Amino acid sequence: VQLVESGGGLVQAGGSLRLSCTASGRTFSSYVLGWFRQAPGKGREFVAGITWGGGVTSYGDSVKGRFAISRDNAKNTVDLQMNSLKPEDTAVYFCAARPMSLQRYEYWGQGTQVTVSS
């Protein structure tokens, strides 16, 4: 399984960015794809998740109403649209995948940096 993130960068507070994760290596129909982030000196934080088959979504409290996760089954991608960005959203963002039967994410991408300036 390979997960490759793209779309990170530098943006001003209040702006938007769209991250994309391209997944390959297996069929993901029974998987959950998620986005996590890790800021300097902090632990990894759950941002959003989506079931590949049914498109059921979930979000971390700190991003609800600002971020939206979606998937494109034909392209094997999972996107994270980030709006109304704040400096505290600055972090390395990781794409991850787990079987629906497990709680622990098994596969991780290499991460992409998002920096929000004030």
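Residues numbered from 1 in each chain as written. Predicted model: local features only at pLDDT ≥ 70, side-chain atom pairs only at ≥ 80, totals over all residues. Heavy atoms only, no water.

Enquirer: I keep staring at the environment of Arg71 and nothing clicks. Help me out?
Expert: Structurally, Arg71 can be placed in strand β7 (residues 67-72). With relative accessibility at 27%, the residue Arg71 sits in the partly exposed group. Considered as a pair, Arg71 and Thr22 are 49 residues apart in the sequence and their alpha carbons are 9.9 Å apart. In this structure Arg71 touches Ile50, Thr51, Trp52, Gly53, Gly54, Gly55, Thr77 and Val78, once residues within four positions along its chain are discounted. (Helix = DSSP H or I, 4+ residues; strand = E, 2+ residues; numbered from the N terminus. Buried < 20%, exposed > 50% of the residue type's maximum accessible area, 1.4 Å probe, protein only. Contact = heavy atoms within 4.5 Å.)

Enquirer: Mind showing me how you'd approach the state of the cysteines here?
Expert: When the sulfur atoms of two cysteines share a covalent bond, that bond is a disulfide. With the rule as written, the count across this model stands at 1 disulfide. Two residues share a disulfide in this structure: Cys21 and Cys95, whose sulfurs sit 2.1 Å from each other. Taking the sign of the torsion about the S-S bond as the criterion, the disulfide between Cys21 and Cys95, at about -75°, is left-handed. Of this pair, Cys21 sits in strand β3 (residues 17-24) while Cys95 is found in strand β9 (residues 91-99), placing the two residues 74 residues apart along the sequence. (Disulfide = S-S within 2.5 Å.)

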